[in-house]
Amino acid sequence: FLPVNLIYYLPKVIGITIFGFLASKHKLHANIIDHRWKWSIVTLAISTLAIIIYLKYEELVFILFTHENAFTTAGYMLGYEIMNCFVAFSYLLIILVLCTFTWTRLLLSPFSYPGRMSLTNYLLQSLFFGFLFYGWGLGFFGWQKPTQIELFALFIILTEIIISYF
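Numbering of residues starts from 1 in every chain and runs along the sequence as written. In keeping with the model being predicted, local features are shown solely for residues with a pLDDT of at least 70 and side-chain atom pairs are shown and tallied solely at 80 or more, while totals for entire chains, interfaces and linings include all residues. For the side-chain quantities, the full set of heavy atoms in the structure was used; hydrogens and water were omitted.

### Observations concerning the overall build of the protein chain
Next up, step 1: Runs of H or I in DSSP of at least four residues are treated as helices and runs of E of at least two as strands, each being numbered from the N terminus. Tallying secondary structure elements over the protein chain gives 8 helices and 0 strands in all.
Next up, step 2: Put simply, the protein chain runs from its N terminus to its C terminus through helices and strands in the order α-α-α-α-α-α-α-α.
Next up, step 3: Each of the three principal axes of the protein chain carries a C-alpha extent, and together these read 55 × 50 × 30 Å.
Next up, step 4: Burial classes follow relative accessibility: with a 1.4 Å probe on protein chains only, a residue under 20% of its type's maximum area counts as buried, one over 50% as exposed, and anything between as partly exposed. Out of the 166 residues belonging to the protein chain, those deemed buried represent 20%.
Next up, step 5: Any two residues whose heavy atoms approach within 4.5 Å are treated as being in contact. Partitioning the intrachain contacts of the protein chain with sequence separation of at least 6 by distance along the chain shows that 61% fall at a separation of at least 24.
Next up, step 6: To measure how exposed things are, a 1.4 Å probe is used in the Shrake-Rupley method; for residues, cover is taken only from the protein chains shown. If you sum the accessible surface of the protein chain, you get close to 12,600 Å²; carbon and sulfur atoms cover 75% of it.

The following block contains the structure:
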């Protein structure tokens, strides 16, 4: 997977990270607080575009790449990663706009605790779920129903919130 990761995923991860640094440096959150309604419209527009792209992406790919060639898979994956960036940016803007309201900020405030320890929580999640699902641990991969996996994830998130608080 090394060539695929270098071509498709690494630029996306670096791009999103740089966007986060720029958003922090230029105080995007403060700008959203000062101009809540303008950013609400921008968020609605970007989210609508992301939903349309997400729902119509397969059709668009088949139109653009009517004949399969060496670039079909590359074009499909590149477009898919760009689409993912639109969706991720939509999520970010929705959360930032919602947090301009006091009740939403209070409701989402427990998620700030694991956010302050994001690297530690990421590593703990990787170890726990690796142990739970891979062969070097319990090897549960493919044995659970989706609802069971969601319950595992919910348990981990709640545990991270509590541990990160303390």
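### Section: the layout of surface pockets
Next up, step 1: Of the voids in this model, the largest pocket is the one considered here, and its volume is about 480 Å³.
Next up, step 2: Any residue with an atom within 4 Å of a point lines the site, the site being either a cavity, points on a 1 Å grid over the protein atoms alone where a 1.4 Å probe fits but cannot get out, or a pocket, an open set with protein on both sides within 12 Å along at least 5 of 7 lines. In terms of lining residues, the largest pocket is bounded by 15 residues, among which I16, F19, G20, A23 and L92 are the most central.
Next up, step 3: For the lining of the largest pocket, the leading source of residues is helix α4 (residues 72-98), giving 7 residues.
Next up, step 4: Here the residues of the lining of the largest pocket are counted per class, giving 12 nonpolar, 3 polar and no charged.
Next up, step 5: Grid points are joined across faces, edges and corners, and a volume is the space filled by probe spheres set on the points. By volume, the second largest pocket is sized at about 290 Å³.
Next up, step 6: Residue lining of the second largest pocket: F111, S112, P114, G115, R116, S118, N121, Y122, Q125, I157, E160 and I161, and that is the complete set.
Next up, step 7: Of all the secondary-structure elements, those providing two or more residues to the lining of the second largest pocket are α6 (112-116), α7 (118-133) and α8 (146-165).
Next up, step 8: Residues are grouped as follows: nonpolar covers Ala, Val, Leu, Ile, Met, Phe, Trp, Tyr, Cys and Pro; charged covers Asp, Glu, Lys and Arg; every other residue, Gly included, is treated as polar. Looking at the lining of the second largest pocket residue by residue, the class counts come to 5 nonpolar, 5 polar and 2 charged.

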